[in-house]
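Examining the three-dimensional arrangement
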Amino acid sequence: MTEERYNPFTGRRIVDGVDDPTPTAASMGLEPPRFCEQCGRRMIVQVSPDGWWAKCSRHGVVDSIDAARR
């Protein structure tokens, strides 16, 4: 069984062959993820001048340092 993945900027399930473009600001690294990649739930996001963190109620915290965006 393949694990489902979700677009962290739109929350839509990633399906092979279906185009779900990443917003321009996100692709430039200017926008943090808003949805959990593992479950598609909306996350709590905190942005600061030197980075961001996002927290899923089920899967924990993702930080811009972890994502190599800081």
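Residues numbered from 1 in each chain as written. Predicted model: local features only at pLDDT ≥ 70, side-chain atom pairs only at ≥ 80, totals over all residues. Heavy atoms only, no water.

Within an unreviewed UniProt entry, the label attached to the protein reads Biotin synthase auxiliary protein, and the organism entered is Rhodococcus erythropolis. Annotation of the protein in UniProt includes, under Sequence similarities (unreviewed entry), the sentence "Belongs to the BsaP family." Here the protein is described in UniProt, under the heading Cofactor (unreviewed entry), as follows: "iron-sulfur cluster". (UniProt positions renumbered as here; feature names shortened; annotations may be inferred.)

Let's shift gears to the layout of surface pockets. In this approach a probe as big as a water molecule rolls over the atoms, and the regions it shows empty are the leftover space. Its volume calculated, the largest pocket comes out at about 270 Å³. Where the lining of the largest pocket is concerned, the elements lending two or more residues are β2 (51-56) and β3 (60-63). Its residues assigned to classes, the lining of the largest pocket shows twelve nonpolar, four polar and four charged. (1 Å grid on protein atoms, 1.4 Å probe; cavity = no way out; pocket = protein on both sides within 12 Å on 5 of 7 lines; lining within 4 Å. Points joined across faces, edges and corners; volume = space filled by probe spheres on them. Helix = DSSP H or I, 4+ residues; strand = E, 2+ residues; numbered from the N terminus. Nonpolar A, V, L, I, M, F, W, Y, C, P; charged D, E, K, R; others polar.)

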